[in-house]
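# Chains, contacts and geometry: an overview
If you want the building blocks of each chain, they are given just below.
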Amino acid sequence: MKDSSKNQGLRKQLVELLGSKGIKDLNVLNAINNIPRQWFMESGLDTFAYEDKAYPIGEEQTISQPYTVAFQTELLNMKPGESVLEIGTGSGYQTCVLIELGFKVYSIERKRTLFKKAELLFRKLKWNPKKLVFGDGYLGLKNNAPYNGIIVTAAAPVVPNKLLEQLSIGGKLVIPIGKKEQIMTKYTRISKIEFNKETFGNFRFVPLLKDTN
Ligand code: SAH
């Protein structure tokens, strides 16, 4: 796995761009600066790794735009050692950003080929998720719940109740909600039955789909 000085330079520029677009959390910016995004892209597209754009990763899915990764991660506002469940492993890039921040990361992917690919990739990297799971993220991952954070990297038409149920008290769910366009939404669990909801502008994601494939 190679990381050239050219890529390191481009990464610095990307981090500056994310800062200018409003990302303030230095830990998040630092994590982005430390992870070679080209390793998570399809060969042939890797030269675009430091464009602030989403790119295809096969199976009609995309690696999220760096700004979106940074924005969602910043919204989680978690501390090292806390646990996070990611729905939609995809390329594994967002997964890696969460690991670099010191979180215990559980990640679910419903497409078998992407799951296998991410699993193979992580074997070659120094970053390790606690668990990569092939399954339907709509159901969450009950065995390791509750989570301090849950991040959904695909568009949900409505908030899945199972995910709210798997938050710890004080835990946060960051999820884009909507059909054609999505509103980035953050639910904070106040008590067993109360949740605080905040919204953060429009985004575009691939859809969250039920079952596995
Ligand atoms: N975080 C990823 C984003 C990938 S796109 C990255 O930056 O690379 C969203 C991913 O969510 C896709 O890989 C898609 O297959 C997956 N997905 C969609 N519905 C899902 C579900 N119900 N459970 C788990 N993964 C799902």
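### Quick word on the sheet that holds strand β7 (residues 167–177)
- Spatially, β5-β4-β3-β6-β7-β8-β9 is the arrangement adopted by the seven strands of the open sheet, whose pairing is mixed. With partners counted over all chains shown, the strands left at the sheet margins are β5 (131–134) and β9 (195–203), one partner each. Sheet twist, expressed as the mean angle between neighbouring strand axes with direction ignored, is 15°.
- Packed onto the sheet, helix α5 (residues 112–124) meets β4 (104–109) and β5 and runs at close to 160° relative to β5.

### Topic: unusual backbone geometry
- A cis amide bond links Ala145 with the next residue in sequence, Pro146, at an omega value of 0°.
- Assignment of secondary structure puts Pro146 in the loop between β5 and β6 (147–152).
- Its identity as a non-glycine residue notwithstanding, Asn77 has a phi of 45°, on the positive side.
- When you line up the elements, Asn77 lands in the loop between α3 (66–76) and β3 (83–87).
- By relative accessible area, which is 52% here, Asn77 ends up exposed.
- Residue Asp211 is not a glycine yet carries a positive backbone phi of 65°.
- Relative to the helices and strands, Asp211 is located in the segment after β9.
- Asp211 sits in the exposed class, given a relative accessible area of 52%.

### A few points about the site of the ligand
- Every one of the 25 residues lining the ligand counts as a neighbour, but Ser91, Glu109, Asp136, Gly137 and Leu209 are closest to it.
- Contact between the ligand and Glu86: a nitrogen atom at 3.4 Å from a side-chain N or O atom of the residue.
- Here Glu109 contributes a side-chain N or O atom positioned 2.6 Å from an oxygen atom of the ligand.
- Look at the ligand: alone it shows 580 Å² of surface, and the protein chains cover 99% of it.
- Using a 2 Å cut-off from the grid points, one finds that the ligand occupies the largest pocket.

About the cut-offs
- Residues numbered from 1 in each chain as written.
- Predicted model: local features only at pLDDT ≥ 70, side-chain atom pairs only at ≥ 80, totals over all residues.
- Heavy atoms only, no water.
- Pairing = 2+ DSSP bridges.
- Helix = DSSP H or I, 4+ residues; strand = E, 2+ residues; numbered from the N terminus.
- Axes fitted to C-alpha atoms, helices over the stretch in contact; angles between N-to-C directions.
- Contact = heavy atoms within 4.5 Å.
- Buried < 20%, exposed > 50% of the residue type's maximum accessible area, 1.4 Å probe, protein only.
- Near = heavy atom within 4 Å.
- Polar contact = N/O pair within 3.5 Å; in protein donor to acceptor, adjacent residues only side chain to side chain.
- Areas by Shrake-Rupley, 256 points an atom, 1.4 Å probe, with all protein chains shown as cover.
- 1 Å grid on protein atoms, 1.4 Å probe; cavity = no way out; pocket = protein on both sides within 12 Å on 5 of 7 lines; lining within 4 Å.
- Sits in = over half its atoms within 2 Å of the grid points.

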